[in-house]
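# Coordinates in review
What follows is each chain in one-letter form.
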Amino acid sequence: MLCYLQVLGTDTLDASPSVMLHFDSQRYVFNCGEGTQRFCHEHKVRLAKVDKIFMTRVAWDCVGGLPGMLLTLADAGSNNLNLRGPNNLSHFMATTRHFIYREALDLTIHEHGADSVPYSDENMSVTSVPLLPDSTTGNGSDIPQARESRKRKSDSEDDDHASKRTVLSRMFPGITGSHPLSSTSAMGPAVIQPEVVTHVNLPAGTDDAVTEVITPTGGAIDHDHTVLPRAEIGRLNAARLPRSVPDPTVLAYVCRGATVPGKFNSDAAEALGVERGPLRGKLARGESVLAKDGTTVHPDQVLGPPRPGAVVIILDCPNPRYIASLTTAPEFETLYGADPSVRCIVHMCGDGVLQDPRYAAWMSKFGKGTQHLVISRQFNNTDVCYHGAGELQVKLKTLDERMFPLPHHSRKPELELSTVPGLPKKTLAVVPLTNFILEPKPKLELKDALRPFDPKTVKPVSDRVARPSLDVKPASDSIQDAAEKDVTIVPLGTGSAIPGRLRNVSSTFVELPHGNVLLDAGEGTLGQLFRHYGFEGMRDAVSRMKLVFVSHLHADHHLGVIKVLSFWNSTRSPIEPSHLTIVAPARYRIFLEEYSDVEDFGFDRISFVESEDVQYGKKDKAESAVGSVAALYASLNLRSIQAVLVQHCPWAYALVLETEAGCKLVFSGDCRPSNDLIEAGRGATIVVHEGTLEDEMHAEALVKKHCTVSEAIQV
C-alpha cells in the first residue's frame, strides 16, 4: 500500500498553506484557504476521493477556499462531506447561507470540544491537539487554565450550535428535493417561467415582510415592491445567526496510520502447501485459506509480526505566543524519541516562530529520523505556482511589455533556514507538490515538486502572429482634467464560476487619481494583485483603495473580498486612517458582520452602503446611508454613483460611476443586456461589460442570464 503526504499550497498570497494525505481509498485535506481549488485544477491533483477536510483554525487563511471547494466537490458528484476543526467552524459555514447550498450534499461538521474523540477509519486515526496562545507574560503558566476555561465555555453554547446546525441542514439537506430551491420541494414545484427577478426590497431580519410580485418578461419594473419567485424564499433567510466571539484555539493533528501487517513469508506458505496466486493474496489480507491437502492455513502462520502505522503531524503555529502551549501539550509526550520515530511533521509557521529557540528545541525532541517540512511566508519563495497563467503572460508580453507585465515572483525567500540555529538536520523549506512517502518506506520525494518558473523556457509566439500597435490613447475628448487621462484598468480575473488554468475568477481593479476601486473580488484576488504589482506596489494600491463594489452574491464574485480587506486593514495608518466603502447588496453586509464575529478583518472600520441606497431610478433611499454616500463622494471626488438593477439573480447590480472631472465608468457585473444600464451609462468613458458566452451559445446565455460577446459589444 502506497501512502504519502503531499504539500499543496505554500504561503504565496495566491495560494494558501494546505496539505493532502493520499491513501488508496481516500484523500484527506488539511486546510483549504483561497487558491486551493485553483491549485489542484492547475496541477491535476485529483479531488474525487476527498470527503474529509480538517481545519487547523477558523481563519480566512485556512477556510477561505472551502465554500468554492465544497461547491465543486458537490457538482462533481460527492454527496457526503465531513469537516472537522475548532469552535466556530459551524458558524463560518452558516454565514455562507446567502450564496452557498447544495441540496444533494450531506455536510457533517465536527467541532473540537471537551468530549471530542479521535477520528478513525480504515486508513488512519486522527487526534486533535488544541493549542492556545499564552498570556502577555509569555511563560505559558496560564495554558492549563485556559484549556479548562474553553471547555466550560463550550458547555453553554449548545443552543447557539443547535440553531446554526438547523441553518446548515437547510443549506445541505442531503436529500434531492428537500431544499426550498428544489423543483420537487415540499414548498411546491419551482416551475421555470419567463419571469424576471428584478428587485428584492427586504429588510434584513424581517422575513415576514416579504411580498411576492412577479413581473413578466418585458414588463415595467416596479421598484417599490419585492419581485421574487417563491422558490427563492427559503434560500434567502435574512435572520441573523446567534452571535459568536473569536476563539484563539488552533488544532494540531496527529495522524496514525492503520497497523501494517507483517511481511509475507513465501517459504512458510510453500511449506504449508499454499500455492502462488489468489490464496496467498487472501492470507496477506488477513483471511484464512485451505491448502492443497485440505488443512486450514491462518494468516499468523505465514505473516511476520505486524508493526504500527506511520505517524505524521500537521502543525499550525500562527505566532510565537502558541509555542508554550505546543511544548507543554501532553498529546506529544509519547512521540518524543519514539521508536519507530514520527515519520514527518508539517510546520505551518507564522512570522518569528521558527526563529524562536524554544521551537527548534521542541522539533529536536522527535529524534533524528523525523523529516520536518516547513511552510512559512518568511522561508518559502514566492515563485509562480500557476504556470499556465504565467506562461500565457510571457507570450502576451511579446505583444506589449507595458500592458502585459510578467507576474512578480522570486525564487529567493525572505530568510534562509541556514540562518536559524538549532534546527534538526532533516528540515526542509518546501515548494508546492513536495511529497513525503509514509508507506511502505519513508522517503522524501522531490521529483514531482513544482519546477521553478522560468520565462526564458516559454515557447515564444510565432513570428507569423501579427503584433498590432497597442498604443493607449485618451478614451474621450470629454475628459477635461488631464489627471483623469491616467485612469488604469487592471483585469485581475476574467474567468467564469470556477477558476481555470489560464484565468482566475472575476475581479477588476481601477486606479483613479483620487483613489482606487475594486470591482468584484473572486477568490484569489489579493494574489492576483500581488502578481501584478509586487508586494510593495500591492501595499500602495490597496492602501489607496476607496471603494469595493460587489455586483451580486454569487460566490465567484466576492469570496476574495475578506482577504483583501484584511490586508487593507493591515496597511491602515493609526494616525491618518484611510476611508473605505463597500457598495453591495444588503445581504452581503450580514455575511461580513457575521464572519467578523470570529475574525477581525477590519469590518468595523469600513463604511457599508447597500446597493439599494444608490440604486438608479429609486427615489426613496434610506436616510441612514446619506453620510456614508457623501463620504464616498468626497473620497473619490465623485459626481455620481449609481447601482443599476440588472437581470441575473436576486440583487444583481451593475455600477455607473462618474468623477467630477468627467470620467464615467460602467461595470456590468453578470447580467443580460440592460436598457436601464444603457441609459444610466450613456456617454461613458470606460465600459467593462461581461461577455461570458460565445455567440453560438445564445440559448444558454438566456437560461443562465449572461451575455454573449456580440450582446456585450452592442451594449
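Here, the structure is the one placed above.
Attention here is on the structure that accompanies the text. Since the structure is predicted, the reported quantities are computational estimates derived from the model, not experimental observations.

### A look at the environment of Glu-694
- Note that Glu-694 resides in the loop between β29 (686-688) and α17 (698-704).
- It is 8.0 Å that separates the C-alpha atoms of Glu-694 and Ser-710, two residues lying 16 residues apart in sequence.

### A word on a positive patch on the surface
- On the surface, Lys-44, Lys-395, Lys-459 and Arg-501 cluster together into a positively charged patch.
- Secondary-structure assignment places Lys-459 in the loop between β19 (443-445) and β20 (488-493).

### Examining the pairing of strand β21 (residues 507-512)
- The buried count for β21 comes to 5 of 6 residues, which makes it a mostly enclosed element.
- In the sheet, β20 pairs with β21 via 5 bridges, with the strands oriented antiparallel. Each residue of the ladder has a partner; that of Gly-493, found in β21, is Ser-507.
- Hairpin geometry of β21 and strand β22 (residues 515-521) is characterised by an intervening segment of 2 residues between the two adjacent antiparallel strands.

### Structural notes on the nonpolar core
- Core analysis: the biggest nonpolar cluster contains 105 residues, and Ile-53 and Met-93 have the highest contact counts within it.
- Top contributing element to this core by residue count: helix α12 (residues 525-543), with 7 residues.
- Beyond its immediate sequence surroundings of up to four residues, Met-93 is in contact with Leu-66, Leu-70, Leu-83, Leu-107, Ile-109, Leu-168, Met-171 and Phe-172.
- Listed in part, the 31 residues of the second largest apolar core include Leu-131, Leu-315, Phe-332 and Tyr-359.

### Description of the sheet that holds strand β24 (residues 581-584)
- Read from one edge to the other, the open sheet built from 6 strands follows the order β20-β21-β22-β23-β24-β25, with strand pairing classed as mixed. Two strands lie at the open edges of the sheet, namely β20 and β25 (607-610), each paired on one side alone. For this sheet, the mean angle separating the axes of adjacent strands, direction not counted, is 20°.
- Relative to β25, β24 runs parallel, the two being bridged by 4 bridges. Bridge pairing links Val-583 to Val-609 in β25.
- Contacts from helix α13 (residues 561-571) reach β22, β23 (545-549) and β24 within the one sheet, and its direction differs from that of β23 by about 165°.

### Considering helix α10 (residues 357-364)
- Tyr-359, Ala-360, Trp-362 and Met-363 are the residues of α10 that are buried. Along α10, the residues classed as buried sweep out an arc of 160° about the axis, all on the same side.
- For α10, the secondary structure elements touched by its buried residues are β14 (311-317), α9 (323-328), β15 (344-349), β16 (371-376) and β17 (427-429).
- Measuring from the backbone nitrogen of Arg-358 back to the side-chain oxygen at the start of α10 gives 2.9 Å, which picks out Asp-356 as the cap.

### A few points about the sheet that holds strand β7 (residues 119-120)
- On the basis of which strands lie adjacent, the open sheet formed by 7 strands has the order β7-β8-β11-β14-β15-β16-β17 and mixed pairing. The open sheet terminates on both sides in strands that have one partner only, identified here as β7 and β17.
- Taken together, the 2 bridges between β7 and strand β8 (residues 124-131) define a ladder with antiparallel strand orientation. Each residue of the ladder has a partner; that of Tyr-119, found in β8, is Val-126.
- On the sheet, α10 packs against β14, β15, β16 and β17 and is oriented at approximately 165° with respect to β15.

Cut-off values and rules
- Residues numbered from 1 in each chain as written.
- Predicted model: local features only at pLDDT ≥ 70, side-chain atom pairs only at ≥ 80, totals over all residues.
- Heavy atoms only, no water.
- Helix = DSSP H or I, 4+ residues; strand = E, 2+ residues; numbered from the N terminus.
- Patch = residues over 30% accessible without salt bridge, like charges linked within 9 Å, V, L, I, M, F, W, Y side chains within 5 Å.
- Areas by Shrake-Rupley, 256 points an atom, 1.4 Å probe, with all protein chains shown as cover.
- Salt bridge = Lys/Arg side-chain N within 4 Å of Asp/Glu carboxyl O.
- Lys, Arg positive; Asp, Glu negative; His and termini not counted.
- Charge placed at Lys NZ, Arg CZ, Asp CG, Glu CD.
- Buried < 20%, exposed > 50% of the residue type's maximum accessible area, 1.4 Å probe, protein only.
- Pairing = 2+ DSSP bridges.
- Core = buried A, V, L, I, M, F, W, Y, C linked by side-chain atoms within 4.5 Å.
- Contact = heavy atoms within 4.5 Å.
- Axes fitted to C-alpha atoms, helices over the stretch in contact; angles between N-to-C directions.
- Arc of directions from axis to C-beta.
- Polar contact = N/O pair within 3.5 Å; in protein donor to acceptor, adjacent residues only side chain to side chain.

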